[in-house]
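Survey of secondary and tertiary structure
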Amino acid sequence: MVSVLKRPRFFHDNIVSMQDLTRKDIEIVLKLAKKFEKMSKVQKSRLLKGKRILTLFLEPSTRTRLSFEAAALNLGAQILSVSDSKSSSFSKGETLEDTVKICSMYSDLIVLREPDSTNLGFVLNSSTVPIINAGNGFDEHPTQALTDLFTIQKRFGRLTGLNIAFVGDLKFGRTVHSLSFALGKFPRNNFFLVSPKGLEMPKNFLKELDKTIEFSKHSTLNGLISKLDVLYMTRLQRERFKSKSDYKKFEKSFTLKKEMLNCAKKSLTIMHPLPRVEELPKDLDLTKHAYYFEQASFAIFVREALLFLLLKKRNGR
Ligand code: NCD
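All of the points below concern the structure found in this document. (Residues numbered from 1 in each chain as written. Predicted model: local features only at pLDDT ≥ 70, side-chain atom pairs only at ≥ 80, totals over all residues. Heavy atoms only, no water.)

1. A short note on the side chain of Thr147
Mapped onto the elements of the fold, Thr147 is located in helix α6 (residues 142-156). Residue Thr147 is classed as buried on the basis of its relative accessible area of 1%. At 3.0 Å, the side chain of Thr147 forms a polar contact with the backbone oxygen of Thr143. Discounting chain neighbours no more than four positions away, the residues touching Thr147 are Gln295, Phe298, Ala299, Val302 and Arg303. (Helix = DSSP H or I, 4+ residues; strand = E, 2+ residues; numbered from the N terminus. Buried < 20%, exposed > 50% of the residue type's maximum accessible area, 1.4 Å probe, protein only. Polar contact = N/O pair within 3.5 Å; in protein donor to acceptor, adjacent residues only side chain to side chain. Contact = heavy atoms within 4.5 Å.)

2. Some details on the packing of helix α3 (residues 63-74) against helix α10 (residues 292-311)
Working note: a packed helix pair is described by the angle between its axes plus the distance between those axes. Where α3 meets α10, the axes come as close as 8 Å, and the angle between the chain directions of the two elements is 55 degrees. The orientation of α3 relative to α10 falls into the category oblique. As α3 packs across α10, the resulting crossing turns out to be right-handed. Across the interface between the two elements, Arg63, Thr64, Ser67, Phe68, Ala70, Ala71, Ala72 and Asn74 from α3 touch Ala296, Ala299, Ile300, Arg303, Glu304 and Leu307 from α10. Class assignment for the residues of the contact of α3 with α10 results in 8 nonpolar, 3 polar and 3 charged. (Axes fitted to C-alpha atoms, helices over the stretch in contact; angles between N-to-C directions. Parallel < 35°, antiparallel > 145°, perpendicular 65-115°, else oblique. Left-handed = near helix turned anticlockwise from the far one by under 90°. Nonpolar A, V, L, I, M, F, W, Y, C, P; charged D, E, K, R; others polar.)

3. Quick notes on the layout of surface pockets
In this structure, the largest pocket spans a volume of roughly 390 Å³. Lining of the largest pocket is provided by 21 residues; of these, Arg113, Arg174, Arg235, Leu274 and Pro275 occupy positions nearest its centre. At the level of elements, α3 and α7 (174-183) are the ones that each hand at least two residues to the lining of the largest pocket. Residue classes in the lining of the largest pocket are distributed as 4 nonpolar, 10 polar and 7 charged. There is about 260 Å³ of room inside the second largest pocket. Those elements giving two or more residues to the lining of the second largest pocket turn out to be α1 (23-38) and α6. Examining the composition of the lining of the second largest pocket, we find that 7 residues originate from one element, α1, more than from any other. (1 Å grid on protein atoms, 1.4 Å probe; cavity = no way out; pocket = protein on both sides within 12 Å on 5 of 7 lines; lining within 4 Å. Points joined across faces, edges and corners; volume = space filled by probe spheres on them.)

4. Observations regarding the environment of Thr64
Summarising the element assignment, Thr64 is placed in helix α3. Its relative accessible area of 6% is what places Thr64 among the buried residues. Taking the C-alpha atoms as reference points, Thr64 and His289, separated by 225 residues in sequence, lie 23 Å from one another.

5. Observations concerning the packing of aromatic side chains
For the coordinates displayed, the defined rule picks out 12 aromatic pairs. Look at Phe36 and Phe308: their rings are 5.8 Å apart centre to centre, the planes differ by 80 degrees, and that puts the pair in the edge-to-face class. With Phe36 in helix α1 and Phe308 in helix α10, the pair connects residues that are 272 residues apart, well separated along the chain. With a relative accessible area of 12%, Phe308 lands in the buried category. Taking the centre distance of 5.9 Å and the plane angle of 45 degrees together, the rings of Phe241 and Phe250 count as tilted. An aromatic cluster of three or more residues is present, and its members are Phe138, Phe172, Phe241, Tyr247 and Phe250. We note Arg155 situated over the ring of Tyr291; from NZ or CZ to the ring centre the distance is 4.4 Å. (Phe/Tyr/Trp six-rings, centres within 6.5 Å; stacked < 30°, edge-to-face > 60°. Lys NZ or Arg CZ within 6 Å of the ring centre and 35° of its normal.)

6. Section: empty space enclosed by the protein
To find the voids left in a structure, one rolls a probe of water-molecule size over its atoms. One pass over the full model with this rule turns up 2 cavities of 30 Å³ or more. Size it by volume and the largest cavity reaches roughly 80 Å³. As for the largest cavity, its lining consists of Arg235, Leu236, Arg238, Phe250, Glu251, Lys252, Ser253, Phe254, Thr255, Val277, Glu278 and Glu279. Its residues placed into classes, the lining of the largest cavity shows 4 nonpolar, 2 polar and 6 charged. The volume enclosed by the second largest cavity comes to roughly 40 Å³. Together, Arg63, Gln144, His272, Pro273, Tyr292, Gln295, Ala296 and Ala299 line the second largest cavity. Here the lining of the second largest cavity gets 4 residues from one element, more than from any other, and that element is α10. Considered class by class, the residues forming the lining of the second largest cavity number 4 nonpolar, 3 polar and 1 charged.

7. Overview of the site of the ligand
The environment of the ligand is made up of Thr64, Arg113, His141, Gln144, Arg174, Thr175, Arg235, Gln237, Pro273, Leu274 and Pro275. Within the side chain of Gln237, a nitrogen or oxygen atom sits 2.8 Å from an oxygen atom of the ligand. Here a nitrogen atom of the ligand sits 3.0 Å away from a polar atom, N or O, in the main chain of Pro273. Here the ligand loses 94% of its free accessible area of 320 Å² to cover by the protein chains. The cavity where the ligand resides is the largest pocket. Of the residues that constitute the shell around the ligand, the class distribution is 3 nonpolar, 5 polar and 3 charged. (Near = heavy atom within 4 Å. Areas by Shrake-Rupley, 256 points an atom, 1.4 Å probe, with all protein chains shown as cover. Sits in = over half its atoms within 2 Å of the grid points.)

8. Description of the pairing of strand β4 (residues 131-136)
With 6 of 6 residues buried, β4 is to be regarded as a mostly interior element. Note: strand β3 (residues 109-114) against β4, 4 bridges, orientation parallel. When the bridges of β4 are listed, Val111 appears paired with Ile132. (Pairing = 2+ DSSP bridges.)

Next up, the structure:
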């Protein structure tokens, strides 16, 4: 998403696109997430007392919605939740603007997942409370990217000078769009964009990346694995294809097999935003490279940090 929004200053602002966040902003979120990781549940339990978080999920989700809700509960906030578009008036044809307008009357912050990939600007204008983009169609998923950065920092102690392969459906995979923008803000990272022909990273994203980062495009992982620090796998985004025959031809076209890792560095880290399908067989789970379940567990600290920053006014802000 090429954002027209002003750069978030956190308090009462929106988190829409990774492009809105500077390196400094990202570091603030990650530092606070680290602090929350170390704090006990009791220490955190009143920080957002009296606040109400509304999760409006018009597309399926397990991790994102539940980790936002768990994060809110950990900080003492209350939750209102729409977990299925069929259970809201959105399914009767209500516009997203009207739905969001109403939701903003009942809450202090909205976490929104929606199927449309267009710019969220018009929706933001209809809300009187901050909105966090929890995935808009095949565009972006900035809070997953922040979780991914937290994960990389945990594993490597840095976010710079890394060789990272993004593998899979780079056309429709919104997590890679946001994560590549995010890592592009840190120096000396090198990307390998690996996708079958037809599922390459969209041109508008490549154009943005080109301004900040070294990258090369590939159709397979052949010859790459030994160079990598991070192997970021993604699933085929079936639900985004127009017809079954369109996605059928890509099925199993990028499955990672255990034997492909024989030449990998010891520290190679496999990440995945989950859910996984065929691309990441279960026998990889027991290898020293697998880090995707830890990655999912870190989401809660990052989301605690975001909710706190957006809802708590602090000195100087
Ligand atoms: C991703 C999403 O919804 O974009 N999952 C997530 O939020 N953890 C990835 C996906 O659905 O493939």
